[in-house]
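The primary structure of each chain is shown beneath.
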Amino acid sequence: MKIFKTIIIILVFFTYVINFGRPLNKEITYSPVWVNNLDTSENEKSDPDSVIYPFHLDGTLGYISDIGKIVYSEDLLYGAVIDDKGFINYSRQNKVLVVKGIKGQFQNTIDQPGYPFFSGNRRFVISYDNNSVSEINLNGDILWEKTYGSSLSSVSARGSRVFTSTTDGFIQILDKSGESLFFEQIKSSRINVVYGGSVSGDGGYMVTITGIDPQLISIWKYSENNYHIENSWSLSSELRRHCLTGFSIDNSYAYIEAEQEFFIIDIKRMRLYSMPFSGRIQYINFQGESGLVQILGRNKDGYYLIIMEKDLNKLFYTSLKANDSSLNIYTNKLLLGIDHKIIAYNMEVM
Amino acid sequence: MINRFLFLILMGLSVFSINAFQWPVSEISVLASFGQNEFGSFLKGINLGGSPQDVKALDSGELVFYSHQAESPLDLPSGLGTYVIYQHNNGIRSLYGHLQDNSILTDKLIVSLEDVIGKTGNTGMDPGSMLYLQLIDTGFKKYINPLLSLPLLNDQLKPRIKNVYILSHGEKIILNPKTNIKSGVFGLCADIRDSGVNTDFYNPLAPFSISLYLNGENLANINFESLKVVEGNMLLQESDGISFEELYKNDWEYFLGEFEFNPGDVMIEISVKDFSGNEGVKLIPLKITD
């Protein structure tokens, strides 16, 4: 009788495991590797082969090595853009922009008044009045310039394409040489305006947030040499500012930062996920199908860090006590800036 | 006097055709005018200076877009700083730039004439306290000189034509009645500066219109009324589509065109008007030789 009872229990257990078993949630571990205090650090020579990361934190910008040594740093003038090839530290008014390399060495000048903007490993200058954008190569030459009849509301580059939009509702997709692949005014709403948009890295899709009454999030598909709306979702028309949009690195998801919400769209299934969101995104890393969504946000209460799965299931949330913060993620390394400190973590997802 | 009267009537008609808007600030001083050379391109609005003050919309309207300066490193950098855009009747939009951060009214989507929509500030590329005002006709897709739709300014100062010169084989020859010129085809340029309005320092502005007459024949007219993007180029629309590069030889030097000067007596007359109808005229009699 006892044996029979044991067999029944084992059978019930295996039936449950086989039929109702659920995978465990992912577990992420962040192990601190080093911390660098920018206040006390001095520039040090680095191994020419060592990996170098750009940083921009608390009025300082420069490069830090994989082992936490400052390779180069300088004080912020008015604004700055930086990537792994160089940086532009600019003043409020410039007739010429000076590009420097990772050790602070002069690289070239850009003879174009305006503010620089780096996106998708490409370099742009936005005119002071926000109505024109030009792309600059690494030698400082102007490759092309586009002028619009109203203010630009967004510029973003991925792969070989550049997305631009204006506050009077125009969207343009440009190829590598600045040739227009798509140029259209979105007139599906009572008021024509584009709040943001991006093109996917493979050029196959575009995400936009446009109009007032209705205010629409749209996914556009590239086919027959043109972009066509594949699906749209209506919002409450309360957004009136630029919002950040983009695609996951594998192009399988789009994301949209709206007024009080954050959206993710699964492109394959055309499914929209949303969650309440306050403030503005300062940094986002979204690998796509295989990875997590990692966001540094800022609202009226300060900075915060969120780590989520792609269906917006929150894995981790913490507020950061900091006047300035930055986040950069490189494969399995996370560099978190808090005021004048940069902390490196090794990241492992299990 | 009659000319000025007619000019004011025409201005009044222009105003009527768009809308009679209110000034967005109470203390009015014009620091930069529409079409002026600003960092190598046309200024597409006007800059209004003065001490920090409240800003009201030109007319009742609906908030279309706003941008706070430096909210996120992922935002587009903007020389306009913190700015707002309102939609008014007839497809007209107004933009207010360089506003104080955190001063803009973003929780009221429909504003009336009395609502304070922000405060003049120094955000963006201009370090002094000011308001950048831009007007866009979304129907005709062009930037309109805001002074066309605002109450007339009380301005008594005439625009000044400092120098008139010709360009001959890359050389600049300043013209005066004693200048000896041989016949040929020359580019004609003029250094023109209108006086700033209600400023207590020297602050030149672009004029509203420039007309050129050779022996009484009207050969060129440049009007700073509207700007439009045509095939990717920003053009002064009411002036046969002049681009910035064609018009500006220097900050205040305007290229009026290329003309043939034949032997004999030539009278060059340049007439320049500002927005209040004040007119500056320069007459240069020349003797052209073979």
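Since we're looking at a predicted model, the values are computed, not measured.

Visitor: Just checking my understanding: could you explain the overall build of chain A for this structure?
Guide: The helix and strand tally for chain A stands at 1 helix and 31 strands. In terms of its C-alpha atoms, chain A occupies a principal-axis envelope of roughly 90 × 55 × 40 Å. In chain A, 40% of the contacts between residues at least 6 apart in sequence involve partners at least 24 apart.

Visitor: Before we go on, may I ask you to explain the overall build of chain B in this structure?
Guide: Helix and strand content of chain B: 2 helices and 24 strands. Over its C-alpha trace chain B gives a radius of gyration of 21 Å, about what one expects of a compact globule, namely 19 Å for 290 residues. Along the longest, intermediate and shortest principal axes, the C-alpha atoms of chain B span 70 × 45 × 40 Å. The burial tally for chain B puts 42% of its 290 residues in the buried class. For chain B, restricting intrachain contacts to residue pairs at least 6 apart in sequence, the fraction spanning at least 24 positions comes to 63%.

Visitor: Please explain the environment of proline 146 of chain B as it appears in this structure.
Guide: All names here are of chain B. Summarising the element assignment, proline 146 is placed in the loop between β12 (142-144) and β13 (160-168). Counting along the chain gives 100 residues from proline 146 to isoleucine 46, while the straight-line C-alpha distance between them is 7.1 Å. Other than its neighbours up to four places away in sequence, proline 146 contacts Phe34, Gly45, Ile46, Leu133 and Leu135.

Visitor: Please explain the domain arrangement of chain B as it appears in this structure.
Guide: In many analyses, interface size is given as the accessible surface area lost on bringing the parts together. All names here are of chain B. Its domain assignment divides chain B into domain 1 (2-149) and domain 2 (160-289). Domain 1 and domain 2 are separated by 28 Å when their C-alpha centres are compared. Listed per partner, the contact involves 25 residues of domain 1 and 23 residues of domain 2. If one sorts the elements of the side of domain 1 that touches domain 2 by residue count, helix α1 (residues 2-18) sits on top with 4 residues. Each residue belonging to the side of domain 1 that touches domain 2 can be placed in one class, and the counts come to 12 nonpolar, 9 polar and 4 charged.

Visitor: How should I be thinking about the pairing of strand β6 (residues 61-67) of chain B in this particular structure?
Guide: Consecutive side chains of a regular strand alternate in pointing toward one face of the sheet and then the other. Residue and element names in this part refer to chain B. The buried fraction of β6 amounts to 6 of the 7 residues, a majority that puts the element mostly inside the structure. Relative to strand β9 (residues 110-111), β6 runs antiparallel, the two being bridged by 2 bridges. Looking at the pairing, glycine 61 lines up with valine 111 of β9.

Visitor: What exactly am I supposed to notice about the interface of chain B and chain A here?
Guide: On the side of chain A, 35 residues touch chain B, which itself brings 34 residues to the contact. Breaking the side of chain B that touches chain A down by element, the ones donating at least two residues are β6, β7 (82-87), β19 (226-230) and β20 (233-236) of chain B. The leading source of residues in the side of chain B that touches chain A is β6 of chain B, at 5 residues. A per-class count over the side of chain B that touches chain A returns 17 nonpolar, 11 polar and 6 charged.

Visitor: Sorry, what's going on with unusual backbone geometry here?
Guide: Peptide bonds are trans in most cases, and residues, glycine excluded, mostly fall at negative phi. Residue and element names in this part refer to chain A. Geometrically, the link from aspartate 213 to proline 214 is a cis peptide bond, its omega value of -5° lying close to zero. Position of proline 214 among the secondary structure elements: in the loop between β18 (205-212) and β19 (215-223). Even without being a glycine, glutamate 224 presents a positive backbone phi close to 50°. Position of glutamate 224 relative to the elements: it lies in the loop between β19 and β20 (226-235). Residue glutamate 224 is classed as exposed on the basis of its C-beta count, with 6 C-beta atoms lying within 10 Å. We note that aspartate 339 has phi near 50°; this positive angle belongs to a residue other than glycine. The class of aspartate 339 is partly exposed, set by 16 C-beta atoms lying within 10 Å.

Visitor: What's the story with the confidence of the model for chain B in this structure? I'm lost.
Guide: Note: predicted coordinates in regions of low pLDDT should not be interpreted at a detailed level. For chain B, mean pLDDT is 89; residues scoring 70 or higher make up 93% of the total. Reported confidences for the modelled complex are a pTM of 0.91 and an ipTM of 0.90.

Visitor: Would you take a moment to explain the sheet that holds strand β25 (residues 280-286) of chain A for this structure?
Guide: Either a parallel or an antiparallel arrangement is found when strands of a sheet pair, and the pairing is made through backbone hydrogen bonds. All names here are of chain A. Read from one edge to the other, the open sheet built from 4 strands follows the order β25-β26-β27-β28, with strand pairing classed as antiparallel. Of all strands in the sheet, those bounded by a partner on one side alone are β25 and β28 (314-320). For this sheet the average axis-to-axis angle between neighbouring strands, irrespective of direction, equals 15°. Relative to strand β27 (residues 302-308), strand β26 (residues 293-299) runs antiparallel, the two sharing 7 bridges. Within β27, the residue paired with valine 293 across the bridge is methionine 308.

Visitor: Please explain the nonpolar core as it appears in this structure.
Guide: Inside soluble globular proteins, nonpolar side chains tend to come together where they are buried. Among the nonpolar cores identified, the biggest contains 155 residues, and Ile126, Ala254 and Ile256 of chain A together with Val84, Tyr96 and Tyr254 of chain B are the most heavily contacted of them. Two domains each provide a minimum of three residues to this core, namely domain 1 (2-149) and domain 2 (160-289) of chain B. Dropping the residues within four chain positions of it, tyrosine 254 of chain B is found in contact with Cys189, Ala190, Ile192, Ile210, Ile222, Leu247 and Tyr248 of chain B.

Visitor: Which parts of the structure should I look at to understand the pairing of β27 of chain A?
Guide: All names here are of chain A. What sits between the antiparallel neighbours β26 and β27 is a turn of 2 residues. Relative to β28, β27 runs antiparallel, the two being bridged by 6 bridges. Following the sheet pairing, tyrosine 304 is matched in β28 by serine 319.

Visitor: Mind showing me how you'd approach the sheet that holds strand β5 (residues 79-82) of chain A here?
Guide: Residues and elements named next belong to chain A. The strand order across the open sheet built from 4 strands is β5-β6-β7-β8, with neighbouring strands paired in antiparallel fashion. Of all the strands in the sheet, the pair left with one neighbour each is β5 and β8 (106-110). In this sheet, adjacent strand axes meet at a mean angle of 20° when their direction is disregarded. One ladder, built from 4 bridges, connects strand β7 (residues 97-100) with β8; its direction is antiparallel.

Visitor: Hey, could you run me through the environment of serine 195 of chain B in this one?
Guide: Position of serine 195 of chain B relative to the elements: it lies in the loop between β16 (184-193) and β17 (209-214). Remark: the alpha-carbon pair of serine 195 of chain B and valine 272 of chain B, spanning 77 residues in sequence, is separated by 12 Å.

Visitor: What am I meant to see in the environment of threonine 29 of chain A here?
Guide: Residue and element names in this part refer to chain A. Looking at where threonine 29 falls in the secondary structure, it is placed in strand β1 (residues 28-37). What makes threonine 29 exposed here is the crowd of 10 C-beta atoms within 10 Å. Along the primary structure threonine 29 and tyrosine 345 are separated by 316 residues, whereas in three dimensions their C-alpha atoms are 9.2 Å apart.

Conventions and cut-offs
- Residues numbered from 1 in each chain as written.
- Chains lettered and ligands numbered in written order.
- Predicted model: local features only at pLDDT ≥ 70, side-chain atom pairs only at ≥ 80, totals over all residues.
- Helix = DSSP H or I, 4+ residues; strand = E, 2+ residues; numbered from the N terminus.
- Contact = placed C-beta atoms within 7 Å.
- Rg over C-alpha atoms; globule rule 2.2 N^0.38 Å.
- Buried ≥ 20, exposed ≤ 12 C-beta atoms within 10 Å, placed from the backbone.
- Domains from an automatic or database assignment.
- Nonpolar A, V, L, I, M, F, W, Y, C, P; charged D, E, K, R; others polar.
- Pairing = 2+ DSSP bridges.
- pLDDT = per-residue confidence, 0-100.
- Axes fitted to C-alpha atoms, helices over the stretch in contact; angles between N-to-C directions.
- Core = buried A, V, L, I, M, F, W, Y, C linked by C-beta atoms within 7 Å.

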